[in-house]
Amino acid sequence: MANKIYPTAAAALDGLLFDGMLIASGGFGLCGLPERLLTAIRDAGVRDLTFASNNAGIDNEGIGMLLRTRQVKKMIASYVGENKEFERQYLAGELEVEFCPQGTLAERLRAGGAGIPGFYTRTGVGTLVAEGKPVMAFAGPDGLQDYILERGIVADLAVVKAWKADTTGNVVFRKTARNFNVPAATSGKVCVVEVEEVVEPGQLDPDGVHLPGVYVHRI
């Protein structure tokens with residue numbers, strides 16, 4: 001079995017980063033944010049990045065620090081407040097934003113990880129979210145209703161933050177810090193997990209594992 005444990009975030013990302021890549025990042029606000037991995041991405045100097053994440057952190061925290069260094073080209077996000085640099089770049093036409101309702105974003109990440117290329121949802125029908133997307137009518141209790149097609153997200157890299165992992169990659173998150181980390185992790189072609197504690201195989205309760213090691217490539 002390949003060793004999944006790396007001593008630093010920079011070492012764990014070695015050989016994975018390239019300009020123009022799509023990165024799925026866990027976290028909700030500043031909760032469950034892979035801070036060290038995001039710092040290592042900033043320090044690596046890669047540019048023209050697209051991030052799929054619930055939000056962009058705040059000014060100079062989380063993905064916000066990568067906005068400050070102009071390394072982000074596009075955000076796929078559901079909450080775009082509380083970040084003045086985000087706002088400034090978007091209004092100035094310097095940052096592309098694909099607004100995605102929160103539940104839809106979570107499902108797009110989950111679908112990508114499950115090999116599902118797309119799904120239909122009523123969320124966003126009749127709004128700006130639906131512009132340019134295929135529409136299909138499905139029968140329901142109230143007759144035919146329109147649904148829009150949303151596409152699954154498959155990221156080049158997923159970066160997530162967890163509480164514990166064993167050396168084979170089985171992962172446990174702590175309370176609300178789980179948030180978007182699980183769907184983000186599964187959506188990545190490669191998944192790197194930042195953890196607070198590493199334990200030996202057998203030390204985690206199998207029923208308490210939130211992310212199986214098959215999804216995790218580096219810790």
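Whatever comes next refers back to the structure up there.
Since we're looking at a predicted model, the values are computed, not measured.

A.B. asks: Would you mind going over the environment of Ala52 with me for this structure?
C.D. replies: Within the secondary structure layout, Ala52 lies in strand S2 (residues 49–52). The class of Ala52 is buried, set by a relative accessible area of 0%. Residues Ala52 and Ala184, spaced 132 residues apart in sequence, show a C-alpha to C-alpha distance of 8.2 Å. Apart from residues no more than four positions distant in its own chain, Ala52 is found in contact with Leu22, Ile23, Ala24, Ser25, Ile76, Leu109 and Ile153.

A.B. asks: I tried to follow the state of the cysteines on my own but got confused; where do I start?
C.D. replies: Any covalent bond linking the sulfur atoms of two cysteines counts as a disulfide. Evaluation of the coordinates by the stated rule reveals zero disulfides. There is no disulfide at Cys31, and the cysteine sulfur nearest it, in Cys191, is 17 Å away. Looking at the unpaired Cys100, the closest cysteine sulfur is the one in Cys191, lying at 20 Å.

A.B. asks: When you look at the environment of Val129 in this model, what are you seeing that I'm missing?
C.D. replies: Mapped onto the elements, Val129 comes out in the loop between strand S5 (118–121) and strand S6 (135–140). The contact partners of Val129, leaving out residues within four places of it in the chain, are Phe99, Pro101, Gly124, Ile148 and Glu150.

A.B. asks: What is the right way to read a nonpolar patch on the surface from this model?
C.D. replies: A surface patch of nonpolar side chains, about 250 Å² in accessible area, is lined by Tyr120, Met136 and Phe138. Within the secondary structure, Phe138 is located in strand S6. Classification of Phe138 as partly exposed rests on a relative accessible area of 32%.

A.B. asks: In this structure, what is going on with the sheet that holds S6? I would like to understand it.
C.D. replies: Strand pairing within a sheet occurs via backbone hydrogen bonds; the two strands may be parallel or antiparallel. Here three strands make up an open sheet; going across it, the order is S5-S7-S6 and the pairing antiparallel. The outermost strands of the open sheet, each flanked by one partner alone, are S5 and S6. The average undirected angle you get between the axes of adjacent strands in this sheet is 40°. Looking at chain direction, S6 and strand S7 (residues 143–151) are connected through six bridges and run antiparallel.

A.B. asks: I keep staring at the nonpolar core and nothing clicks. Help me out?
C.D. replies: One broad trend across soluble globular proteins is that nonpolar side chains are buried collectively. Within the largest apolar cluster, 27 residues are counted, with the highest numbers of intra-cluster contacts made by Ile41, Phe51 and Met75. Once you skip the residues sitting within four places of it in the chain, Ile41 turns out to touch Leu13, Leu17, Ile23, Val46, Leu49, Leu66, Gln71 and Val159. Counting residues in each nonpolar core, the second largest holds 24 residues, with Ile76, Cys100, Cys191 and Ile219 among its members.

A.B. asks: Got a minute to help me understand the pattern of salt bridges in this structure?
C.D. replies: Two side chains carrying opposite charge are able to pair once their charged atoms lie near each other. Tallied over the full model, the rule gives 16 salt bridges. With its nearest N and O atoms 3.0 Å apart, the salt bridge here joins Arg88 to Glu94. One salt bridge connects Glu150 with Lys133, and the closest N-O pair in it is separated by 2.8 Å. With Glu150 in strand S7 and Lys133 in the loop between S5 and S6, the pair connects residues that are 17 residues apart, well separated along the chain.

A.B. asks: So what exactly am I meant to see when it comes to the pairing of S5 here?
C.D. replies: Regular strands have side chains that alternate between both faces of the sheet. By the alternation rule, side chains of S5 split into Phe119 and Thr121, which are all buried, and Gly118 and Tyr120, of which none is buried. In terms of strand pairing, S5 meets S7 through four bridges, oriented antiparallel. If you follow Tyr120 over to S7, its bridge partner there is Leu149.

A.B. asks: Is there a simple way to explain helix H5 (residues 102–113) in this structure?
C.D. replies: Helical periodicity: at 3.6 residues per turn, an α-helix aligns residues three or four positions apart in one direction. The end-to-end C-alpha distance of H5 is 17 Å, a good match for the 16 Å that twelve residues give at a rise of 1.5 Å each. Where H5 is concerned, the buried positions are Thr104, Leu105, Arg108, Leu109, Ala111 and Gly112. Taken end-on, H5 shows its buried residues confined to a sector of 165°, consistent with a single buried face. One or two steps after H5, the chain reaches Gly115, where phi turns positive at roughly 75°.

About the criteria used
Residues numbered from 1 in each chain as written. Predicted model: local features only at pLDDT ≥ 70, side-chain atom pairs only at ≥ 80, totals over all residues. Heavy atoms only, no water. Helix = DSSP H or I, 4+ residues; strand = E, 2+ residues; numbered from the N terminus. Buried < 20%, exposed > 50% of the residue type's maximum accessible area, 1.4 Å probe, protein only. Contact = heavy atoms within 4.5 Å. Disulfide = S-S within 2.5 Å. Patch = residues over 30% accessible without salt bridge, like charges linked within 9 Å, V, L, I, M, F, W, Y side chains within 5 Å. Areas by Shrake-Rupley, 256 points an atom, 1.4 Å probe, with all protein chains shown as cover. Salt bridge = Lys/Arg side-chain N within 4 Å of Asp/Glu carboxyl O. Pairing = 2+ DSSP bridges. Axes fitted to C-alpha atoms, helices over the stretch in contact; angles between N-to-C directions. Core = buried A, V, L, I, M, F, W, Y, C linked by side-chain atoms within 4.5 Å. Expected span 1.5 Å × (residues − 1). Arc of directions from axis to C-beta.

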